[in-house]
Amino acid sequence: MMSPSRAEALSALCTTFRRDVLQAIHDVQSGHPGGSLSVCEILSVIYLEQAVLYPDQPERLDQDRVVLCKGHAAPMLYRILAEKGYFPKEELAHLRQINSLLQGHPSTHTPGIDMPSGPLGIGLAAAQGIALGVRLNGLDNYVYAVLGDGEINEGTVWETAMSAPKFQLDHLIAVIDRNRVQLDGTMEEIMPTEPLAEKWAAFGWNVITCDGHDVAALDAAFTLAKTNHGSPTMIIANTIKGKGISFMEGKNTWHGAAISDENLAQALSELGGMTE
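Residues numbered from 1 in each chain as written. Predicted model: local features only at pLDDT ≥ 70, side-chain atom pairs only at ≥ 80, totals over all residues. Heavy atoms only, no water.

### Let's talk about the overall build of the protein chain
Here comes step 1: The helix and strand inventory of the protein chain stands at 10 helices and 7 strands.
Here comes step 2: Radius of gyration (C-alpha) of the protein chain: 18 Å, near the 19 Å computed for a compact globule of 276 residues.
Here comes step 3: The dimensions of the protein chain, computed from C-alpha atoms along their principal axes, are 50 × 45 × 40 Å.
Here comes step 4: Going through the 276 residues of the protein chain one by one, you find that 53% of them count as buried.
Here comes step 5: Pairs at least 24 apart in sequence give 74% of the contacts found in the protein chain among residues at least 6 apart. (Helix = DSSP H or I, 4+ residues; strand = E, 2+ residues; numbered from the N terminus. Rg over C-alpha atoms; globule rule 2.2 N^0.38 Å. Buried < 20%, exposed > 50% of the residue type's maximum accessible area, 1.4 Å probe, protein only. Contact = heavy atoms within 4.5 Å.)

### Observations regarding the packing of aromatic side chains
Here comes step 1: Under the definition given, this model contains 5 aromatic pairs.
Here comes step 2: When the centroid spacing of 5.7 Å and the interplanar angle of 70° are considered together, the rings of Tyr144 and Phe222 count as edge-to-face. One end of the pair, Tyr144, is in strand 2 (residues 143-148); the other, Phe222, is in helix 9 (residues 215-225), with 78 residues separating them in the sequence.
Here comes step 3: Both rings, one in Trp158 and one in Phe203, keep their centres 5.4 Å apart while their planes meet at 45°; by these two values the pair is tilted. With a gap of 45 residues between them, Trp158 in helix 6 (residues 155-166) and Phe203 in the loop between helix 8 (196-202) and strand 6 (206-211) connect regions that are remote in the sequence.
Here comes step 4: What makes Phe203 partly exposed here is its relative accessible area of 29%.
Here comes step 5: Members of the aromatic cluster, each reached through a chain of ring pairs, are Trp158, Trp200, Phe203 and Trp205.
Here comes step 6: Above the plane of the ring of Tyr142 lies Lys226, whose end atom (NZ or CZ) is 5.2 Å from the centre. (Phe/Tyr/Trp six-rings, centres within 6.5 Å; stacked < 30°, edge-to-face > 60°. Lys NZ or Arg CZ within 6 Å of the ring centre and 35° of its normal.)

### Describing the environment of Asn263
Here comes step 1: Tracing the backbone through its elements, the reader meets Asn263 in helix 10 (residues 261-270).
Here comes step 2: Considered as a pair, Asn263 and Ile245 are 18 residues apart in the sequence and their alpha carbons are 9.6 Å apart.
Here comes step 3: A distance of 3.0 Å separates polar atoms of two side chains, one belonging to Asn263 and the other to Ser260. (Polar contact = N/O pair within 3.5 Å; in protein donor to acceptor, adjacent residues only side chain to side chain.)

### Looking at empty space enclosed by the protein
Here comes step 1: Summed over the entire model, instances satisfying the criterion amount to 1 cavity of 30 Å³ or more.
Here comes step 2: Forming the boundary of the largest cavity are Tyr47, Val66, Val67, Leu68, Leu77, Pro106, Gly112, Ile113, Asp114, Met115 and Ser117.
Here comes step 3: Ranked by residue count, the leading element in the lining of the largest cavity is strand 1 (residues 65-68), at 3 residues. (1 Å grid on protein atoms, 1.4 Å probe; cavity = no way out; pocket = protein on both sides within 12 Å on 5 of 7 lines; lining within 4 Å. Points joined across faces, edges and corners; volume = space filled by probe spheres on them.)

### Quick notes on the packing of helix 1 (residues 4-28) against helix 10
Here comes step 1: For the pair helix 1 and helix 10, the least separation of the axes is 10 Å and the interaxial angle reads 175°. What the angle tells us is that helix 1 and helix 10 run roughly antiparallel. Contact residues: Arg19, Leu22, Gln23 and His26 in helix 1; Asp261, Leu264, Ala267 and Leu268 in helix 10.
Here comes step 2: Residues that form the contact of helix 1 with helix 10 fall into these classes: 4 nonpolar, 2 polar and 2 charged. (Axes fitted to C-alpha atoms, helices over the stretch in contact; angles between N-to-C directions. Parallel < 35°, antiparallel > 145°, perpendicular 65-115°, else oblique. Nonpolar A, V, L, I, M, F, W, Y, C, P; charged D, E, K, R; others polar.)

### Comments concerning the environment of Trp200
Here comes step 1: Structurally, Trp200 is set in helix 8.
Here comes step 2: Owing to a relative accessible area of 0%, Trp200 belongs among the buried residues under this scheme.
Here comes step 3: Note: C-alpha distance between Trp200 and Ile80 (120 residues apart in sequence) is 29 Å.
Here comes step 4: Those residues in contact with Trp200 that sit more than four places away from it in its chain are Leu124, Val157, Trp158, Ala161, Ile176, Trp205, Val207 and Met234.

### A short note on the nonpolar core
Here comes step 1: Among the nonpolar cores identified, the biggest contains 61 residues, and Leu22, Leu43, Ile46, Tyr47, Met76 and Phe222 are the most heavily contacted of them.
Here comes step 2: The element contributing the most residues to this core is helix 1, with 9 residues.
Here comes step 3: Every residue in contact with Tyr47, bar those within four places of it in the chain, is listed here: Leu53, Val66, Leu77, Ile80, Leu81, Lys84 and Gly112.
Here comes step 4: By size, the runner-up hydrophobic cluster in this structure holds 23 residues, among which are Leu124, Ala131, Ala145 and Trp158. (Core = buried A, V, L, I, M, F, W, Y, C linked by side-chain atoms within 4.5 Å.)

Below, the structure written as structure tokens:
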């Protein structure tokens, strides 16, 4: 169980991650702020608390794997990978630039990336394949898959929803960043998905719901998932698109948008100050 002091420290670190990501997106005038902000705590808990990873030994097979299915949230992923030690934080200055280590969507030429993810819908299926490979190799590592809720409009997601329970993949832990907003509008406007928890349970998944911005609640959800046997787990993490920035929260217009100087100044002020 995460201690209160660790929860406080990790939450503070998430504020730093938000500032750094917004600065990077502003500097290149390109990127996806809304979904990067909503997934911050989810990725932070996976990479900094739950997943067994060896950044200095990437060839090791006995480590967990993480697939960011919603690849447009790459800026936040990159910031957390830097925190984990895969590459220097200064690389964020080259975000989305030609020949940069950090492309607009994750690529396996970037240290720490296990699966490229651009087209939505492919990530969960890929994570299932990785989990099957782990089992065939007689290993015990976990595979984490982080989806956007707009992404679950894709049919391939539901093919995996059917097949993963068939294979009893209890080392596959998926998370839906449930911010209820996608590129063109709200989930309810585009493609309603409720009752979401009941749907995944009906497919045979172990379903856990939690506050996706509460690091202690997320840590508890992942820990609970690892006690489940015989079926994959889906964690529905309730979040807010653009979390932490008043003019971004819940707005589909900030799914992918440049950040002006004025926007950045206000956002950093709301987050408690400038980046380092």
